[in-house]
Amino acid sequence: MFMSATVSTSLPHIVVVGAGFAGLNFCKTFPTDRARITVIDRQNHHLFQPLLYQVATAGLSAVDIAQPIRAILNDKPNLEVIMAEVTGFDLTAKKVRVGGDGEIAFEYLVLGLGGVTSYFGHDEWAQFAPGLKSLDDALKIRRKILLAFEHAETETDELRRKELMTIVVIGGGPTGVELAGAFAELTRTVLEKDFDRIDPTKARVLLIEGSPRVLNSFPADLSASAQRQLERMGVEVRTGIHVSAIRDGELEIPGETIRAANIIWGAGVSAQPLTRALGVELDRAGRVKILPDLSVPGHPEVFALGDMTALTDRNDRVVPGLSPAALQMGAHAAQTIADEIAFGKRAPVDRAAYAYRDKGSMATIGRSKAVAMIGKLHFSGFPAWLAWLAVHLIFLVGFRNKISVLLQWTYSYLTYKRGARVITGVSGDGPAHSA
Ligand SMILES: Cc1cc2nc3c(=O)[nH]c(=O)nc-3n(C[C@H](O)[C@H](O)[C@H](O)COP(=O)(O)OP(=O)(O)OC[C@H]3O[C@@H](n4cnc5c(N)ncnc54)[C@H](O)[C@@H]3O)c2cc1C
């Protein structure tokens, strides 16, 4: 079962679960003459998550930020792609369980399962405040917001119209800041000309953050700059405020109930629940506590990478849940396994330990607005936005590998592609109505 005829069976078999940043970069950097690789992902596409907020806010179309995994890896010999869900592991028998009753045996297992939206123990909030982790999430958010404005256009009740034109983003980390800024841009500059009876520039965009400042993983000066840039765009930023309840069309904060047809959750991430099936130690967010060589304790032939892991690297640095870390870990594990197949097995303590190479942090707030930290340099506004754009374009070149697609994406991004505002899948979803 699940065996392709096109791969050589005399080579050691590596099973890679997840074609996100970590899994995909493992496949791209592994010398495929040393092993045969089976890549399993439950989606048929690799997703460029850093631009998901652009799809959610109608700046880009879904196809601009996703590409079929087969298309990315089709030039790799000895590699097959299977679209399926991995449902469990038997690490002793060296097998992964696939779907209901499938099994695939491995000599090496590489896991890059990523994370899921976490509601900090309030999973019931998910139905009222969608998170942003997949293309489906982004399209759901986009549809809901565009529908809300369509309904506001014909709504005669003033209060209800205001609710329909209120967008609340919960969580002032990079995702929340990017979303709030992009919603402000969408309402102030893009939708402005689309409607006759309502004035989208009067839409209320609120960003609520529990800690005292937005972007709290950035230095204080950049947090303050991000808040100023958001406020200048018309975003109401409320910090030090914890949401205590979310219901259909409303949320509660201390002393106030806010009615809003559009509530988006950008506050928390945890590891895929499947990490529990590994039977190894996890941290509070369900991430696997891996060894410095990126292997899973007690299983030197099993590697876990990217967002599903918790690791302090060989320089005593906590490895962040960011795409550069996932990419680097993919390349590191590929080197380790390739060396071992060529030169013989080693114990995890004798393998090279991973060190995170920090390329800086940035968060974009709008077109020409951002904050960036590269080494000791802090900058904000247009120069930071240019740096952000350059980094994302470089990523995209590697990701899509076609300069024509890159140009098309740049054009769409700079001109607010209208196609991204087409509402689909309305039947069954109903209006963004709550009252
Ligand atoms: C909205 C958003 C914005 C972000 N912005 C930035 C940013 O600006 N800069 C930055 O550096 N990072 C950003 N990140 C974080 C970055 O995207 C992650 O760090 C990175 O994607 C982690 O890579 P990964 O390979 O660990 O997991 P992922 O990229 O999440 O890939 C996991 C893969 O595993 C597959 N999978 C999961 N479970 C199973 C299963 N049971 N069976 C089969 N397949 C499975 C999934 O389908 C997916 O393809 C952002 C993340 C989000 C959600």
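This is a predicted model, so every value here is computed, not measured.

J.: Explain the overall build of the chain to me, and be specific about the residues and the numbers.
T.: On a plain count of helices and strands, the chain comes out with ten helices and 25 strands. Here the C-alpha radius of gyration of the chain, 23 Å, is about what a compact globule of 435 residues would show, namely 22 Å. For the C-alpha atoms alone, the extent of the chain along its principal axes is close to 70 × 50 × 45 Å. Expressed as a percentage of its 435 residues, the buried residues of the chain come to 44%. Expressed as a percentage of contacts within the chain between residues at least 6 apart in sequence, the contacts between residues at least 24 apart total 66%.

J.: Before we move on, can you summarise the pairing of strand E11 (residues 166-170) with the specific residues and values?
T.: Burial analysis of E11 places five of its five residues in the buried class, the great majority of the element. In this sheet, strand E12 (residues 204-208) lies alongside E11 in parallel orientation, the contact comprising five bridges. In the strand pairing of E12, Thr166 is matched with Arg204. With helix H6 (residues 174-190) bridging E11 and the parallel E12, this β-α-β connection has right-handed handedness. The sheet contact formed by E11 and strand E17 (residues 262-265) spans four bridges and is parallel. By the bridge assignment, Val168 is partnered in E17 with Ile263.

J.: Explain the domain arrangement of the chain residue by residue, including any values.
T.: Structurally, the chain comprises domain 1 (13-42 + 84-117 + 269-350) and domain 2 (123-267 + 361-421). Each of domain 1 and domain 2 has a C-alpha centre, and these two points are 32 Å apart.

J.: Explain the site of the ligand to me, and be specific about the residues and the numbers.
T.: Near the ligand there are 33 residues, and of these Gly18, Gly20, Gln49, Gly114 and Gly306 occur at the shortest range. Those elements that place two or more of their residues in the shell around the ligand are helix H1 (21-29), strand E2 (36-41), helix H2 (52-56), H6 and helix H8 (323-343). Counted by class, the shell around the ligand contains 16 nonpolar, twelve polar and five charged residues. Built from parts of two domains, the shell around the ligand gets at least three residues from each of domain 1 (13-42 + 84-117 + 269-350) and domain 2 (123-267 + 361-421).

J.: Describe the nonpolar core, naming the residues involved and giving the relevant values.
T.: Membership of the largest hydrophobic core comes to 71 residues, with the highest contact counts inside it found for Ile170, Ala180 and Val371. Per element, the largest residue contribution to this core is eight residues, and it comes from helix H4 (residues 135-154). In this view, Ile170 contacts Ala129, Ile208, Val243, Ile263, Ile264, Trp265, Gly266 and Ala267; residues no more than four positions away in its chain are not counted. With 53 residues, the next largest nonpolar core counts Val16, Phe30, Val39 and Val302 among its residues.

J.: Could you give an account of H8, naming the residues involved and the relevant values?
T.: Given a rise of 1.5 Å per residue, 21 residues ought to cover 30 Å, and the 30 Å separating the end C-alpha atoms of H8 matches this to within 8%. Of the positions making up H8, those classed as buried are Ala325, Ala326, Leu327, Gln328, Met329, Gly330, His332, Ala333, Ala334, Thr336 and Ile337. Those residues of H8 that are buried are in contact with strand E1 (13-17), H1, strand E9 (108-111) and strand E21 (299-304). Positive backbone phi, approximately 105°, marks Gly344, located one or two places after H8.

J.: I'd like to hear about the sheet that holds strand E8 (residues 102-105), residue by residue, with values.
T.: The strands that make up a sheet are held in pairs by hydrogen bonds between backbone atoms, and each pair lies either parallel or antiparallel. As summarised here, the arrangement of the three strands in space is E6-E7-E8, forming an open sheet in which the pairing is antiparallel. Every other strand in the sheet has two partners, leaving strand E6 (86-90) and E8 as the edge strands with one partner each. Adjacent strand axes in the sheet meet at a mean angle of 25° when their direction is disregarded. By the bridge criterion, four bridges tie strand E7 (residues 95-98) to E8 in an arrangement that is antiparallel. Bridge pairing links Val98 to Gly102 in E8.

J.: Tell me about the packing of H1 against H8, residues and numbers included.
T.: Packed helices, taken two at a time, are described by the angle their axes make and the gap between the axes. Packing of H1 against H8 brings their axes to within 7 Å, and their N-to-C directions diverge by 40°. With respect to each other, H1 and H8 are oriented oblique. In terms of crossing hand, the pair formed by H1 and H8 is right-handed. Counting all contacts with H1, which are made through Phe21, Ala22, Gly23, Leu24, Asn25, Phe26 and Thr29, the residues of H8 involved are Ser323, Ala326, Leu327, Met329, Gly330, Ala331, Ala333 and Ala334.

J.: Mind laying out the confidence of the model for the chain, listing which residues take part and the relevant values?
T.: Looking at the chain, pLDDT values average 90 and 91% of them are 70 or higher. When the criterion is pLDDT under 50, residues 428-435 qualifies, and its contacts beyond four places in sequence or with other chains add up to 16 contacts.

J.: I'd like to hear about the sheet that holds E11, residue by residue, with values.
T.: One open sheet holds the four strands; their spatial order is E13-E12-E11-E17, and the pairing between them is parallel. Every other strand in the sheet has two partners, leaving strand E13 (235-238) and E17 as the edge strands with one partner each. Ignoring strand direction, the axes of neighbouring strands in this sheet form an average angle of 15°.

J.: For the environment of Ala22, give the residues involved together with the corresponding values.
T.: Examined against the element boundaries, Ala22 turns out to sit in helix H1. A C-alpha to C-alpha distance of 4.5 Å links Ala22 and Gly330, two positions 308 residues apart in sequence.

J.: I'd love a proper account of unusual backbone geometry, names of residues and values included.
T.: One non-glycine residue, Leu294, adopts positive backbone phi at about 80°. Position of Leu294 among the secondary structure elements: in the loop between strand E19 (288-289) and strand E20 (295-296). Positive phi, normally seen in glycine, also occurs at Asp316, with a value near 65°. When you line up the elements, Asp316 lands in the loop between strand E22 (309-310) and H8.

Definitions and limits used
- Residues numbered from 1 in each chain as written.
- Predicted model: local features only at pLDDT ≥ 70, side-chain atom pairs only at ≥ 80, totals over all residues.
- Helix = DSSP H or I, 4+ residues; strand = E, 2+ residues; numbered from the N terminus.
- Rg over C-alpha atoms; globule rule 2.2 N^0.38 Å.
- Buried ≥ 20, exposed ≤ 12 C-beta atoms within 10 Å, placed from the backbone.
- Contact = placed C-beta atoms within 7 Å.
- Pairing = 2+ DSSP bridges.
- Right-handed = clockwise from strand over helix to strand, strands pointing away.
- Domains from an automatic or database assignment.
- Near = placed C-beta within 6 Å.
- Nonpolar A, V, L, I, M, F, W, Y, C, P; charged D, E, K, R; others polar.
- Core = buried A, V, L, I, M, F, W, Y, C linked by C-beta atoms within 7 Å.
- Expected span 1.5 Å × (residues − 1).
- Axes fitted to C-alpha atoms, helices over the stretch in contact; angles between N-to-C directions.
- Parallel < 35°, antiparallel > 145°, perpendicular 65-115°, else oblique.
- Left-handed = near helix turned anticlockwise from the far one by under 90°.
- pLDDT = per-residue confidence, 0-100.

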